[in-house]
2 protein chains.
Amino acid sequence: MVDTAQRPTTPTTSTDASVDTGPIKIAGDPSAPAVDLPTLNRQLLGTWADVRLAARELTARPEMQRIEGLSMDEHRSRVFGQLKVLADLGHVHRAYPKHLGGQDDQGGNIAAFEELVTADPSLQIKGGVQWGLFGAAVLHLGTKPHHDAWLPDIMSLKIPGAFAMTEIGHGSDVASIGTTATFDSETDEFAIHTPFRAAWKDYLGNAAKDGVAAVVFAQLITRGVNHGVHAFYVPIRGEDGAFLPGVGGEDDGLKGGLNGIDNGRLHFTNVRIPRTSLLNRYGNVDADGTYTSSIDSPGRRFFTMLGTLVQGRVSLDGAATQASALALTIAITYGGQRRQFTAGSETDEEVVLDYQRHQRRLLPRLATTYAQTFAHDEFLVTFDKVFSGKADTDDDRQDLETLAAVLKPLSTWHALDTLQEAREACGGAGFMAANRLVGLRADLDVYATFEGDNNVLLQLVAKRLLTDYSKKFASADVGALARYVVQQAADRAYHGTGLRTLAQAARDFGSTARSVGQLRDTNVQRQLLTDRVETMIADVAGKLRSANKLPRKQAADLFNSHQNELIEAARAHGQLLQWEAFTRAVETTDDAGTRQVLTWLRDLFGLGLVEKNLAWYLIHGRLSAQRAQSVTAYIDRLIARLRPHAQDLVDAFGYTQEHLRAPIASGIELERQNEAREYYRKLRDSGTAPVQEKAVKAVKAVKAK
Amino acid sequence: MVDTAQRPTTPTTSTDASVDTGPIKIAGDPSAPAVDLPTLNRQLLGTWADVRLAARELTARPEMQRIEGLSMDEHRSRVFGQLKVLADLGHVHRAYPKHLGGQDDQGGNIAAFEELVTADPSLQIKGGVQWGLFGAAVLHLGTKPHHDAWLPDIMSLKIPGAFAMTEIGHGSDVASIGTTATFDSETDEFAIHTPFRAAWKDYLGNAAKDGVAAVVFAQLITRGVNHGVHAFYVPIRGEDGAFLPGVGGEDDGLKGGLNGIDNGRLHFTNVRIPRTSLLNRYGNVDADGTYTSSIDSPGRRFFTMLGTLVQGRVSLDGAATQASALALTIAITYGGQRRQFTAGSETDEEVVLDYQRHQRRLLPRLATTYAQTFAHDEFLVTFDKVFSGKADTDDDRQDLETLAAVLKPLSTWHALDTLQEAREACGGAGFMAANRLVGLRADLDVYATFEGDNNVLLQLVAKRLLTDYSKKFASADVGALARYVVQQAADRAYHGTGLRTLAQAARDFGSTARSVGQLRDTNVQRQLLTDRVETMIADVAGKLRSANKLPRKQAADLFNSHQNELIEAARAHGQLLQWEAFTRAVETTDDAGTRQVLTWLRDLFGLGLVEKNLAWYLIHGRLSAQRAQSVTAYIDRLIARLRPHAQDLVDAFGYTQEHLRAPIASGIELERQNEAREYYRKLRDSGTAPVQEKAVKAVKAVKAK
């Protein structure tokens, strides 16, 4: 095993790792493949690399960064001040229309925005509330008069605002919120009203302190008909900072993290707003109370409105992936320098990253983080195409929704898992706030349940997969099913996000994956992963077939009895999408050494998924017992092969010390280790070192004989 | 499924759930088994039930509890003040000798101590530093003059002290610490010295602020011989609070949690202490520098010294289990009241705990928490016997060490996992500090790596299992091995903690576990779990057999290439020990209903372990593919069966609102849900409810025909 402990670590001042780090050959074996760092760094930065690099110059500035240990009030004030800097720089305006000073740049906006997570997740999320939710709701749900009236002040932060959707009683089920907006044609006003305690709006950023307005989601009622949830622009505080008449609220107080954001509750007692404050892009009320909408189906209208706000999920996927990359950069850098216990030598302690268990803890998570990084870039491209109008067919929008619903859960859970493993892998040092891991974990905790609860989102994905399945096979007889051809090429089936299908022949490859060599084969991995999703969905679809004929309660019970399986199928589908993105990235890597290392990492990701679900492959006859064992053995070999490249693979993320800001990843551990080793070397050389009691006893024992 | 939402929740004022809660029959099915709450509560409280109940009266007092949002300094001051209360009450003196005002009660001391976690984990751990580490080191490593000189003031908190073992450079590998204590016969003193930066003591509670003395672990050097790590009593601060000459240090500052404790670093520059400040129970230095010890082997002496400090791990196992129980009480109570989405009805939303996924998230973790609770009580009994001298043979001590090394990792990881799942299961409400889950998680994070890093501890256990294996089979021929009889009875093999063995016949039961009925069989579960550990250890032992003949480096590499397997085998062993304890607890439950429900819960725990490792059982031919599938199906059935008992099972832990202190578990959610449902019911009845647009459209569509 090659010792990389003496390698220079991440650069200390440059904002781009590619500047001063050339390709690195592994010591001792000049023929071994090596990563070309600048190339890989650029590849990881992705489609909006330059935007990201510019954003990283901003996040490298101390005044934009979190200070540990501030009180909640101090932290809130600091973040609000930082938000003004973002506004003044136009850092957060890229998605807004050019005529209002924006750039109509959807993808770049998200790329720049999600980089903020390395400065302070509170800054990221508070910015997200202001410009990604509150402002975006005015932009996407409102029309020109609304844009002209409010967007300039929203962009400049003159109007900080809350996005008042979630209520105490309804989070995931937005359609069931209790707040009402009842039209009164006599005054040409809506009355915004909170009918009971569970209908209080809750967990709203900007609600506790800074917000002077809110986009309030409420059931639109006119002429005795409830047209479902719509958004309304509602001023909530006067210039004195006090609530306006009829508006009330509470501070949510301290949270598990993100305490730079002033989350709070709001309630409304028949608050009157002009009819024109309805954000009326998808539904309008005339002066006489007549409701009209360009979308006839209330259900479709609701989901279209919600769909315009998908960018929150896009940015959480990116930010969570960045936090994972940062955590692994810290833990792998430290693990490559830290020594503990002698094993192979009397005097030299082992570098902890040379322990198999330590590698098993960190390298598979690194592989997943790479998969997510590549998948996220494709996700962002899809988002950009849809929101810029370059490609926004129903299929495109559905792909975007599916990606959002499946990638956000996987990456936000992965971030929590990775931050925790990295923290533990750094021992007590990992628990110190100064080393950042605990703070990031605390802040990212809520990413798993806001902007769509992860389990609820995965269930949505599962329902889409069931629909795809029934569309494809509803009327197909068995023969048609068997003839259904596997789509191997890079056609729409692989770029889209729907259910993949394999030819019957491919589904039998349990008998073909007989050697370790085959496990390395891209198509074998693709088949193993694809087959599992398809079969899981087909299994559940078969079990649910009778649901249509059952009374509502029994149908619900039947569905519920397979809920866990369905959510696991959705997870498997998301992992397949990530694997596909990783594979496409490997295929576009030109440098041979980088490509080889990335292929190993992709294999580790793919086979890691197979290993996690090995029982499934065995039960369904896809792998023999012998082959199943070789999966684990091959993963062990991959991990050992990747170990010498671990530092390169994290350095390639391109974070500098200004982004890491973790003393244990600064090289200080290597300095301390070297100082201690030098001390003992000199002591041994001096001849004055105390003798170990054990050695004295051994000498005595020999003499006694 | 029985709706338990209308059930009264945990009592609001009593400190004992058994006081006002009688046995509860499940509504609708009088013949269904029911838990007898008072009995189960008492069983969960365990051997030191009365001590725990008294401790819970203390932890129910607001002045002993954590206040969220304090600054680090305020929190530290508060906890120090609470420590004085503990000292004044004698709450923390049970383990100390009677003649000094203690009670010589080892088990009761830990039971009372670990209950403090529900008040504030900082209070628990800071108390642990003072009386469980610093004071306990003086007690167990010192001798009578030390006891007389320092214990009274340590007990009263007049001498707050640090336990200065860990160094920046060495945590897990204590034997390699760098601090030296060199004896100088001319002055009859030891010089305590920190030779380099990595040898600074670090992460020490009481070091940053409160400590006036420390027990410092250092390499004892006299007459040119290093006798290994010993403990020394070293004053560190004067009456003015400043460091004494030669002593220096730093504040660790903010941590991921436990910020009520003033962790810090210490270093020593030839600090002189009298020879008699060596805590000399296991090793002494005469005035002329001669070293003597009652334990000849330096290795054994070192482990004996460390062994006297095992109580830290005992109490972490208990505290982590309590935190898990608390988290599940909060999440299950809330989950049984919270409603989201309609499914089986047009108007009534589902209680979230009725969703299969929600049950899958919480009930298996409840089963594990039960297993841990019972295993912990037995662990505590073992600890009490050894430390009271009632039973402290080498075997007893080894059992204790093994239990500590295997249970502490499992329960501390389980607590983090459970606190996180509970937090997510409560959605945004779970992220509010007021609902406690995030704060407890942050505090308990470090339990996974302090008092022995979890992975390192499990590796220790694996080494013991390998030793057990080689002892049993080293000289056994195949015939002897086959005759090795399974020890089914409650003999030493089941009460001890070493490697279990099955008869060859039992090892073939893959072919016998043919029905779901058999999965329910206690002995089948025992065999499945036992066989896995034994086979895993036997496999690795076979692969390591050649290590003895290899050069050191190659032997280390060979061992390292199986490190992950070994640690997983140790985990499996710990889970088996927990399952055995759960099974013994079920067997001693007299009430038939309680016993039935506990049996289901035990089955859920046992089969859950099988399900997690299903691939292993398939690969090794222990379960057929068909049988493997029925494991999951049976778990689904168990979970559905346990659902109606979920509230009872958490209420049985006996926490009151004073311990939970989570508004979402107070019944407030049920009130809000009822208010909302009542509002809609009245609205429907009034005839003035707005009509849904969808309904209007449906009517129009009918009319148009």
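From a predicted model like this one, the values you see are computed outputs, not experimental measurements. (Residues numbered from 1 in each chain as written. Chains lettered and ligands numbered in written order. Predicted model: local features only at pLDDT ≥ 70, side-chain atom pairs only at ≥ 80, totals over all residues. Heavy atoms only, no water.)

Trainee: Which residues make up the overall build of chain A, and what values do they have?
Mentor: Summing up its helical and strand segments, chain A has 27 helices and 14 strands in all. Computed over C-alpha atoms, the radius of gyration of chain A comes to 28 Å, within 12% of the 27 Å expected from 2.2 N^0.38 for 705 residues, which places it in the range of a compact globule. Dimensions of chain A, computed from C-alpha atoms along their principal axes, come out at roughly 110 × 70 × 50 Å. A buried classification covers 63% of the 705 residues belonging to chain A. Of the contacts made within chain A by residues no fewer than 6 positions apart, 74% connect residues no fewer than 24 positions apart. Carbon together with sulfur atoms contributes 53% to the accessible area of chain A, which is approximately 24900 Å² in total. Of the charged side chains in chain A, 79 are positive and 85 negative; the average position of the first set lies 5 Å away from that of the second. (Helix = DSSP H or I, 4+ residues; strand = E, 2+ residues; numbered from the N terminus. Rg over C-alpha atoms; globule rule 2.2 N^0.38 Å. Buried < 20%, exposed > 50% of the residue type's maximum accessible area, 1.4 Å probe, protein only. Contact = heavy atoms within 4.5 Å. Areas by Shrake-Rupley, 256 points an atom, 1.4 Å probe, with all protein chains shown as cover. Lys, Arg positive; Asp, Glu negative; His and termini not counted. Charge placed at Lys NZ, Arg CZ, Asp CG, Glu CD.)

Trainee: Tell me what's going on with the nonpolar core, and back it up with residues and numbers.
Mentor: Among the nonpolar cores identified, the biggest contains 263 residues, and Tyr370(A) and Tyr370(B) are the most heavily contacted of them. Tyr370(B) has contacts with Leu40(B), Leu44(B), Phe582(B), Leu598(B), Leu601(B), Leu649(B), Ala652(B) and Phe653(B), leaving out every residue within four places of it along the chain. Residues Phe80(B), Ala119(B), Ala213(B) and Met305(B) belong to the second largest nonpolar core, which totals 44 residues. (Core = buried A, V, L, I, M, F, W, Y, C linked by side-chain atoms within 4.5 Å.)

Trainee: Account for helix α19 (residues 552–560) of chain B, naming residues and giving values.
Mentor: Residues Ala555(B), Ala556(B), Leu558(B) and Asn560(B) constitute the buried set of α19(B). Against α9 (356–388) of chain A together with α18 (522–544) and α20 (563–587) of chain B lie the buried residues of α19(B).

Trainee: Give a detailed account of the interface of chain A and chain B, specifying residues and quantitative values.
Mentor: Each partner contributes residues to the interface: chain A has 100 residues there, and chain B has 100 residues. Taken together, the two surfaces of chain A and chain B that pack against each other cover about 8200 Å², and 53% of this comes from carbon and sulfur. Applying the counting rule to chain A against chain B returns 10 salt bridges. On inspection of chain A and its partner chain B, the count reaches 68 residue pairs in polar contact (both at pLDDT 80 or more). The residue inventory of the side of chain A that touches chain B, partitioned by class, reads 40 nonpolar, 30 polar and 30 charged. (Buried area = accessible area lost by both parts, 1.4 Å probe. Salt bridge = Lys/Arg side-chain N within 4 Å of Asp/Glu carboxyl O. Polar contact = N/O pair within 3.5 Å; in protein donor to acceptor, adjacent residues only side chain to side chain. Nonpolar A, V, L, I, M, F, W, Y, C, P; charged D, E, K, R; others polar.)

Trainee: Any details on the sheet that holds strand β8 (residues 264–268) of chain B? Residues and values, ideally.
Mentor: Residue and element names in this part refer to chain B. Spatially, the 3 strands line up as an open sheet ordered β4-β8-β7, and their pairing is antiparallel. Whereas interior strands pair on both sides, the edge strands pair on one side only; in this sheet they are β4 (201–204) and β7 (247–251). Strand after strand, the sheet turns through a mean of 25° between neighbouring axes, direction not considered. (Pairing = 2+ DSSP bridges. Axes fitted to C-alpha atoms, helices over the stretch in contact; angles between N-to-C directions.)

Trainee: How would you explain the packing of α18(B) against helix α21 (residues 592–612) of chain B if you had to name every residue and give the values?
Mentor: All names here are of chain B. For the pair α18 and α21, interaxial distance at closest approach is 10 Å and the crossing angle is 30°. Considering only the axes of α18 and α21, their crossing is left-handed. Residues Thr522, Gln525, Leu528 and Leu529 of α18 lie in contact with α21, whose contacting residues are Arg602, Asp603, Gly606, Leu607, Leu609 and Val610. (Left-handed = near helix turned anticlockwise from the far one by under 90°.)

Trainee: How would you summarise the UniProt feature "domain: Acyl-CoA dehydrogenase/oxidase N-terminal" (unreviewed entry) in chain A if you had to cite specific residues and measurements?
Mentor: As recorded in UniProt, the sites labelled "domain: Acyl-CoA dehydrogenase/oxidase N-terminal" (unreviewed entry) are residues 73–156 of chain A. For residues 73–156 of chain A, the end-to-end C-alpha separation is 23 Å, with 71% helix and 0% strand making up the annotated structure. (UniProt positions renumbered as here; feature names shortened; annotations may be inferred.)

Trainee: Hey, could you go over the relation of the copies chain A and chain B for me, with residue numbers and the actual values?
Mentor: Least-squares fitting of chain A to chain B yields an RMSD of 0.1 Å, with the transformation described by 0.0 Å of translation along the axis and a rotation of 180°. In symmetry terms, the pair is related by a two-fold rotation axis. Of the C-alpha atoms belonging to chain A, the one lying closest to the rotation axis is found on Ala615(A), 2.0 Å away. The fraction of interface residues of chain A whose copies in chain B are also interface residues reaches 100%, indicating that both copies meet through the same surface. (Least-squares fit on C-alpha atoms with pLDDT ≥ 70 in both.)

Trainee: Which residues make up the packing of aromatic side chains, and what values do they have?
Mentor: This structure, assessed with the given rule, holds 35 aromatic pairs over all chains. With 5.4 Å between their ring centres and 45° between their planes, Phe374(A) and Phe582(A) make a pair best called tilted. Here Phe374(A) is found in helix α9, whereas its partner Phe582(A) is found in helix α20 (residues 563–587), with 208 residues between them in sequence. Taken together through their ring pairs, the aromatic side chains of Tyr370(B), Phe374(B), Phe582(B), Phe605(B), Phe653(B) and Tyr655(B) make up a single cluster. Taking NZ or CZ as reference, Arg197(A) lies 3.8 Å from the ring centre of Trp200(A), over its face. (Phe/Tyr/Trp six-rings, centres within 6.5 Å; stacked < 30°, edge-to-face > 60°. Lys NZ or Arg CZ within 6 Å of the ring centre and 35° of its normal.)

Trainee: Could you give an account of the environment of Asn270(B), naming the residues involved and the relevant values?
Mentor: All names here are of chain B. Summarising the element assignment, Asn270 is placed in the loop between β8 and β9 (271–274). Residue Asn270 is classed as partly exposed on the basis of its relative accessible area, which comes to 45%. Spatially, the C-alpha atom of Asn270 lies 4.9 Å from that of Ala191, the residues being 79 residues apart in sequence. Setting aside residues up to four positions removed in sequence, Asn270 forms contacts with Ala191, Ile192 and His193.

Trainee: Explain the sheet that holds strand β7 (residues 247–251) of chain A residue by residue, including any values.
Mentor: Residue and element names in this part refer to chain A. Judged by pairing direction, the sheet is antiparallel, and its 3 strands sit side by side in the order β4-β8-β7 without closing on themselves. Edge strands, defined here as strands with exactly one partner in the open sheet, are β4 (201–204) and β7. Taken over all neighbouring pairs, the strand axes of this sheet differ in orientation by 25° on average, direction set aside. As defined by bridge partners, β7 adjoins strand β8 (residues 264–268) across 5 bridges and the pair is classed as antiparallel.

Trainee: Account for the packing of helix α3 (residues 72–89) of chain B against helix α5 (residues 121–141) of chain B, naming residues and giving values.
Mentor: Residue and element names in this part refer to chain B. Taken N-terminus to C-terminus, the directions of α3 and α5 make an angle of 60°; their axes are 10 Å apart at the nearest point. In this view, α3 runs oblique relative to α5, as classed from their interaxial angle. The handedness of the crossing between α3 and α5 is right-handed. Residues His75, Val79, Phe80, Gln82, Leu83, Leu86 and Ala87 of α3 form the contact with α5, whose own contacting residues are Ser122, Leu123, Lys126, Gly127 and Trp131. (Parallel < 35°, antiparallel > 145°, perpendicular 65-115°, else oblique.)

Trainee: If you had to explain the side chain of Asn259(A) to someone new, which residues and values would you point to?
Mentor: All names here are of chain A. Structurally, Asn259 can be placed in the loop between β7 and β8. Under the relative-accessibility criterion, Asn259 is labelled buried at 15%. Within the structure, the side chain of Asn259 is placed 2.9 Å from the backbone nitrogen of Lys255, a separation counted as a polar contact.

Trainee: Give me the lowdown on the confidence of the model for chain A, citing residues and values where you can.
Mentor: Note: predicted coordinates in regions of low pLDDT should not be interpreted at a detailed level. All names here are of chain A. Chain-level statistics for chain A give a pLDDT mean of 91 and a share of 90% at 70 or above. Contacts for the low-pLDDT stretch residues 1–27, under 50 throughout, to residues beyond four places or in other chains number 65 contacts. Across residues 475–494, where pLDDT falls below 50, the model places 30 contacts with residues more than four positions away in sequence or in other chains. Predicted complex metrics record ipTM = 0.93 and pTM = 0.93. (pLDDT = per-residue confidence, 0-100.)

Trainee: So what's going on with the domain arrangement of chain A? Which residues, and what values?
Mentor: The domain boundaries assigned to chain A delineate domain 1 (163–301) and domain 2 (667–704). The gap between the C-alpha centroids of domain 1 of chain A and domain 2 of chain A is 72 Å. (Domains from an automatic or database assignment.)

Trainee: For the UniProt feature "domain: Acyl-CoA oxidase C-alpha1" (unreviewed entry) in chain A, give the residues involved together with the corresponding values.
Mentor: Following the UniProt record, the feature "domain: Acyl-CoA oxidase C-alpha1" (unreviewed entry) maps to residues 307–466 of chain A here. Taken end to end, residues 307–466 of chain A comprises 73% helix and 4% strand; its first and last C-alpha atoms sit 21 Å apart.

Trainee: Residue-level account of the pattern of salt bridges, with values.
Mentor: Between side chains of opposite charge, a pair can form when the charged atoms approach closely. All names here are of chain A. For the structure on display, the rule yields 98 salt bridges over all chains. Close ionic contact of Arg360 with Glu611 constitutes a salt bridge, the shortest N to O distance being 3.0 Å. You can see Arg360 sitting in helix α9 and its partner Glu611 sitting in helix α21 (residues 592–612), a full 251 residues away along the chain. Linked through salt bridges whose partners overlap, the residues forming this network are Arg197, Asp202, Glu250, Asp252 and Arg265.

Trainee: Help me get a handle on helix α1 (residues 37–45) of chain A, residues and values and all.
Mentor: Of all the positions in α1(A), only Leu37(A), Leu40(A), Asn41(A), Gln43(A), Leu44(A) and Leu45(A) are classed as buried. Elements in contact with the buried residues of α1(A): α2 (49–59), α9, α20, α21 and α24 (646–651) of chain A.

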